[in-house]
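# Notes for the structure review
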Amino acid sequence: MMGLTFVLLMLANLLIELSVLMGVRGLWKDQRMGRLLLTCVTVNLVSYPLAYLCIEKDGLPYGATEALVFLTEGMLYCLTLDCQIKTAAQITTMTNTVSLLCSLLVTSGLAN
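For the structure given in this document, a descriptive report is provided here. (Residues numbered from 1 in each chain as written. Predicted model: local features only at pLDDT ≥ 70, side-chain atom pairs only at ≥ 80, totals over all residues. Heavy atoms only, no water.)

### Focus on the overall build of the chain
For the record, the criterion: In DSSP terms, a helix is any run of H or I states spanning at least four residues, a strand is any run of E spanning at least two, and both are numbered starting from the N terminus. Residue burial is assigned from relative accessible area. The probe radius is 1.4 Å, only protein chains are included, and a residue is buried under 20% of its type maximum, exposed over 50%, and partly exposed in between. Any two residues having at least one pair of non-hydrogen atoms within 4.5 Å are treated as being in contact. Only the protein chains shown count as cover for residues, and the accessible areas themselves come from Shrake-Rupley with a 1.4 Å probe.
Of regular secondary structure, the chain possesses four helices and zero strands. When the helices and strands of the chain are placed in sequence order, the string is α-α-α-α. Every one of the 112 residues in the chain was classed for burial, and the buried ones make up 34%. Relative to all contacts within the chain whose residues are 6 or more apart in sequence, the contacts with residues 24 or more apart total 61%. Here the chain displays about 7,000 Å² of accessible surface, and carbon together with sulfur accounts for 70% of that area.

In structure tokens form, the structure reads like this:
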């Protein structure tokens, strides 16, 4: 069951990805800030539960889950921002890399 921890982690992930998007928003010179924010929220509302279900419920390996999330987010960014596949791949790579590094920092800090 998706509880409070799931919601808090999803919000943290959303804030991380929004920060990355705001930092690289020059990739979409013609996009409005509101559209970028809405797109990021929409993408995360799809991809975060997908990752949770793949790992927690289906027991899918972490690498396979990340690949599925990467492809899903890339497709959604491409469709919603009307950008090229290369740009969508760059967005997804940046946001997922920063998100992964943050989660590794948090979990390594908790392990000590």
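### A look at the nonpolar core
Under the convention used in this document: We call a set of buried residues a nonpolar core when its members are Ala, Val, Leu, Ile, Met, Phe, Trp, Tyr or Cys and they connect through side-chain atoms within 4.5 Å of each other.
In this structure, L21, C40, Y77, L81, A88 and I91 are the most contacted members of the largest nonpolar core, which totals 13 residues. Taken together, the elements giving at least two residues each to this core come down to α1 (4–23), α2 (33–57), α3 (62–81) and α4 (85–111).

### Some points on the state of the cysteines
Filter applied, for reference: In plain terms, two cysteine sulfur atoms within 2.5 Å form what is called a disulfide here.
All told, the structure shown has zero disulfides when counted by the stated rule. Here C78 is not cross-linked by a disulfide; its sulfur's nearest cysteine counterpart is in C83, at 5.0 Å.

### Brief notes about a nonpolar patch on the surface
As a reminder of what qualifies: Exposure above 30% relative accessible area and no salt bridge define the residues that can form patches, which grow by joining like charges within 9 Å and nonpolar side chains of Val, Leu, Ile, Met, Phe, Trp and Tyr within 5 Å. One side-chain nitrogen of Lys or Arg within 4 Å of one carboxyl oxygen of Asp or Glu is enough to make a salt bridge.
Judged by side-chain polarity, I55, Y62, L100, L101 and L104 come together as a nonpolar surface patch covering roughly 430 Å² of accessible area. The leading source of residues in the nonpolar patch is α4, at three residues. Looking at the secondary structure, you find I55 in helix α2.

### Details of α2
Let me state the cut-off plainly: Expected helix span is taken as 1.5 Å per residue step, with the number of steps being one fewer than the number of residues. In this analysis the local bend is the angle between axes fitted, respectively, to the seven residues ending at and the seven residues starting at the residue.
With 25 residues, α2 extends 35 Å from end C-alpha to end C-alpha; this agrees with the ideal 36 Å at 1.5 Å per step. Largest kink in α2: about 25°, centred on N44. Burial in α2 covers these residues: L36, T39, C40, V43, N44, S47, Y48, P49, A51, Y52 and C54. In this structure, the buried side of α2 is in contact with α1 and α3. One or two steps after α2, the chain reaches G59, where phi turns positive at roughly 70°.

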